[in-house]
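# Close look at the chain arrangement
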Amino acid sequence: MKEKIKKEVPARQSIQYICERAENALVWLEELEKDFQKRIKEKKDCCVIQTQKRIIADIISVYISTLVDSRKNTNSLLTSYPKNDFVDKFKNLPIVKKCQMSRHNRCAHESKNYGFFVSPDEILKSNLKQCLSEIQFFIS
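Residues numbered from 1 in each chain as written. Predicted model: local features only at pLDDT ≥ 70, side-chain atom pairs only at ≥ 80, totals over all residues. Heavy atoms only, no water.

Here the focus is the pattern of salt bridges. Opposite charge on two side chains allows them to pair when their charged atoms are near. Scanning the entire structure with this criterion turns up eight salt bridges. Asp121 serves as the salt-bridge partner of Lys53, at 3.9 Å between the closest nitrogen and oxygen. You can see Lys53 sitting in helix α2 (residues 47-67) and its partner Asp121 sitting in helix α6 (residues 120-125), a full 68 residues away along the chain. You can call Asp121 partly exposed: its relative accessible area is 36%. The closest approach of N and O atoms between Lys98 and Glu122, which form a salt bridge, is 2.3 Å. Taken together, the positions of Lys98 in helix α5 (residues 94-104) and Glu122 in helix α6 put the pair 24 residues apart, joining distant regions of the chain. Classification of Glu122 as partly exposed rests on a relative accessible area of 26%. (Salt bridge = Lys/Arg side-chain N within 4 Å of Asp/Glu carboxyl O. Helix = DSSP H or I, 4+ residues; strand = E, 2+ residues; numbered from the N terminus. Buried < 20%, exposed > 50% of the residue type's maximum accessible area, 1.4 Å probe, protein only.)

Written out as structure tokens, the structure reads:
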């Protein structure tokens, strides 16, 4: 019988991937917001765009929460790097805490307080883009 080999992704590579995906999702959210504003001015229906923005906000929440996941056997800033001020500051940002709440309460069957702890607008107004850039600098 062949022995199964367990492959582990290095923490730096995993965190880099998470940051890149989160940045791409932020760009997508910005584009949706521009389209949303345009449709509002034209007095057109924006229901589908609102749904798309909400989905992207949920995705961003998952990525941000993954970066500060404290569970063992995860590649996060908390478990893969020694305790430091940079990570503590990021972990304690209000937008990060809202993303965590949104991630942990995103499914109706998981919580009586279903989702929407962070809005797409809060994400757009936050400094998450800058934070993601700083994280990539920190891990390099």
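From this point, the discussion proceeds with the structure in view.
Let us now look at the packing of aromatic side chains. By the definition in use, this model includes two aromatic pairs. Every member of this aromatic cluster is reached through a ring pair, and the members are Tyr81, Phe86 and Phe138. In this structure, Lys53 packs its charged tip against the face of Phe36, placed 4.1 Å from the ring centre. (Phe/Tyr/Trp six-rings, centres within 6.5 Å; stacked < 30°, edge-to-face > 60°. Lys NZ or Arg CZ within 6 Å of the ring centre and 35° of its normal.)

Moving on, we get to the packing of α2 against α5. What describes two packed helices is the angle between their axes and the distance between those same axes. Contact pair α2 / α5: the axes reach a minimum separation of 8 Å and the direction vectors enclose 110°. By the angle between their axes, α2 is roughly perpendicular relative to α5. Seen from α2, the contacting residues are Arg54, Asp58, Ser61, Val62, Ile64, Ser65 and Thr66; seen from α5, they are Val96, Cys99, Gln100, Ser102 and Arg103. Partitioning the contact of α2 with α5 into residue classes produces four nonpolar, five polar and three charged. (Axes fitted to C-alpha atoms, helices over the stretch in contact; angles between N-to-C directions. Parallel < 35°, antiparallel > 145°, perpendicular 65-115°, else oblique. Contact = heavy atoms within 4.5 Å. Nonpolar A, V, L, I, M, F, W, Y, C, P; charged D, E, K, R; others polar.)

Relative to the elements of secondary structure, Lys97 occurs in helix α5. In sequence terms Lys97 and Val68 are 29 residues apart; their C-alpha atoms lie 9.7 Å from each other. Excluding residues within four positions of it along the chain, Lys97 makes contact with Lys91 and Asn92.

A word on α5. At 3.6 residues per turn, the α-helix brings residues three or four places apart onto the same side. Within the sequence span of α5, burial applies to Ile95, Val96, Cys99, Gln100, Ser102 and Arg103. One side of α5 carries all its buried residues, which in axial view fall inside an arc of 165°. (Arc of directions from axis to C-beta.)

Counted under the stated rule, the structure contains zero disulfides. No disulfide involves Cys46; its nearest neighbouring cysteine sulfur is the one of Cys47, lying 9.1 Å away. Using a relative accessible area of 8% as the deciding quantity, one classes Cys46 as buried. (Disulfide = S-S within 2.5 Å.)

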